[in-house]
Amino acid sequence: MKYLVIVNSNLSRKTEWFWTKSKKKINEYFPQHELWLPTTRFFKIPLDINQFDVVLLIGDDTFFSCFINSVFYELTTAKKQTEIAFIPDNKNSAITKALGISSKLSKQLDLITTKQSLLLDLVRCHYLDKRGIPRSHFVLNDAVIGMSPIRIPFLIKTAASIAKNSGFLPFGKKSKQIKLYTEGNKVFDGHYAFSAVILGRKLVNGPAIPGQKKIRCNLTNFDYIQVNGAPNQKFEDQVTHSGGNLVELKTKYLISRSFEELTVKAEGQENTVIIDGMHLGKLPATFSFLPKAVRVIAPMLMVRVREPWHKKVAATAFPNPIGSRNSL
């Protein structure tokens with residue numbers, strides 16, 4: 001087994017502290033490995049990544065996202081896809097929680113040695129960067145729209161509270177206008193405070209999303225959740241939709257739906273696009289679902305069976321013995 005270990009210690013003090021504390025144990029599990037420490041956020045690996053069986057990433061969720069965007073085409077064009085393993089430098093990782101990976105380092109390392117993997121779904125986002133130039137980016141966990149990066153934890157916690165207890169959002173005149181389109185049809189035109197495209201169970205650097213799905217693989221679409229600036233706004237019903245995996249949000253300010261493709265339009269610098277914790281640009285943006293895009297090491301996830309286990313089984317007849325005259 002050939003391992004490449006990539007550590008974000010040059011760009012993050014938290015990762016540097018974690019690596020100093022944990023590298024002895026990690027080296028015991030993988031004594032033969034290549035080590036590389038990137039010096040920029042969006043990097044190019046100076047090695048052929050496909051010559052390795054496993055690439056082990058050590059850092060935070062944003063670092064994982066930057067890695068995917070740096071090597072996606074190298075991974076997907078190879079005949080044999082290299083497997084990606086992730087060890088977060090904190091216990092609040094949105095990605096490991098969505099994948100059901102243990103927060104204990106020893107269990108994370110044991111899992112990597114088993115090389116048990118699954119194909120992870122992504123979302124491709126086309127947007128305008130901060131200078132107004134069209135760009136594209138792969139969304140690993142979530143994309144938050146129309147929010148200041150500094151205010152993410154506070155505002156999302158407010159939305160989570162509202163989702164559980166119908167309340168009041170004092171946005172008023174500060175709300176912005178947004179339009180949503182899918183399959184060429186307009187599905188929303190109104191005021192919003194902020195919204196998010198979600199694949200995982202929680203936002204990067206934010207809280208968990210109430211009622212979000214627990215299984216992170218084998219998805220058929222992504223979830224879109226929106227906090228409105230005016231009450232009782234709804235999606236238009238002229239298009240068919242899957243209904244989403246989020247729980248029924250019993251509040252007049254919050255709506256959600258699942259999509260395979262979604263175009264979000266709005267004008268102004270305040271309509272920001274923050275992908276996996278990084279403020280990359282602004283609207284308009286288009287989101288497209290990419291199923292089974294990259295191979296990631298993760299534990300076996302249990303799938304909920306919707307059929308009752310005690311369903312009546314049809315009786316089977318006993319076969320005739322070979323010597324029976326009726327067997328021919």
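Refer to the preceding data block for the structure.
A brief look at the structure comes next. Just so it is clear, the structure is predicted and the values come from calculations on it, not from any experiment.

1. Points about the packing of helix H1 (residues 13-29) against helix H4 (residues 105-114)
Logical step 1: Direction vectors running N to C along H1 and H4 enclose 40 degrees, while the axes themselves pass 11 Å from each other. Our classification of the angle between H1 and H4 gives oblique. Between H1 and H4 lies a crossing of right-handed hand. Residues Phe18, Ser22, Lys25, Ile26 and Tyr29 of H1 pack against Leu105, Ser106, Leu109, Asp110 and Thr113 of H4.

2. Notes on the environment of valine 197
Logical step 1: Counting through the fold element by element, valine 197 comes out in strand S9 (residues 185-198).
Logical step 2: For the pair valine 197 and aspartate 223, spaced 26 residues apart in the sequence, the C-alpha separation amounts to 5.8 Å.
Logical step 3: In contact with valine 197, other than residues within four places in its own chain, are Asn141, Asp142, Ala143, Phe222, Asp223, Tyr224 and Phe287.

3. Some details on unusual backbone geometry
Outside of glycine, negative phi angles account for most residues, and trans bonds account for most peptide bonds.
Logical step 1: For the peptide bond that leads from leucine 283 to proline 284, omega is 5 degrees, which places it in the cis range.
Logical step 2: Of note, proline 284 is situated in strand S14 (residues 278-297).
Logical step 3: For asparagine 205, which is not a glycine, the phi torsion comes out positive at approximately 65 degrees.
Logical step 4: Counting through the fold element by element, asparagine 205 comes out in the loop between S9 and strand S10 (222-228).
Logical step 5: When its relative accessible area of 54% is taken as the criterion, asparagine 205 is described as exposed.

4. With respect to the pattern of salt bridges
Two side chains carrying opposite charge are able to pair once their charged atoms lie near each other.
Logical step 1: Per the stated rule, a full pass over the model turns up three salt bridges.
Logical step 2: Lysine 115 is paired through a salt bridge with glutamate 83; the nearest N and O atoms lie 3.9 Å apart. You can see lysine 115 sitting in the loop between H4 and strand S5 (117-129) and its partner glutamate 83 sitting in strand S4 (residues 83-88), a full 32 residues away along the chain.
Logical step 3: Relative accessible area serves as the criterion here: at 25%, lysine 115 is assigned to the partly exposed category.
Logical step 4: Linking aspartate 129 and arginine 135 is a salt bridge whose minimum nitrogen-to-oxygen distance equals 3.0 Å.
Logical step 5: Judged by relative accessible area, aspartate 129 falls into the buried class, the value being 8%.
Logical step 6: With a relative accessible area of 37%, arginine 135 lands in the partly exposed category.

What counts and what doesn't
- Residues numbered from 1 in each chain as written.
- Predicted model: local features only at pLDDT ≥ 70, side-chain atom pairs only at ≥ 80, totals over all residues.
- Heavy atoms only, no water.
- Axes fitted to C-alpha atoms, helices over the stretch in contact; angles between N-to-C directions.
- Helix = DSSP H or I, 4+ residues; strand = E, 2+ residues; numbered from the N terminus.
- Parallel < 35°, antiparallel > 145°, perpendicular 65-115°, else oblique.
- Left-handed = near helix turned anticlockwise from the far one by under 90°.
- Contact = heavy atoms within 4.5 Å.
- Buried < 20%, exposed > 50% of the residue type's maximum accessible area, 1.4 Å probe, protein only.
- Salt bridge = Lys/Arg side-chain N within 4 Å of Asp/Glu carboxyl O.

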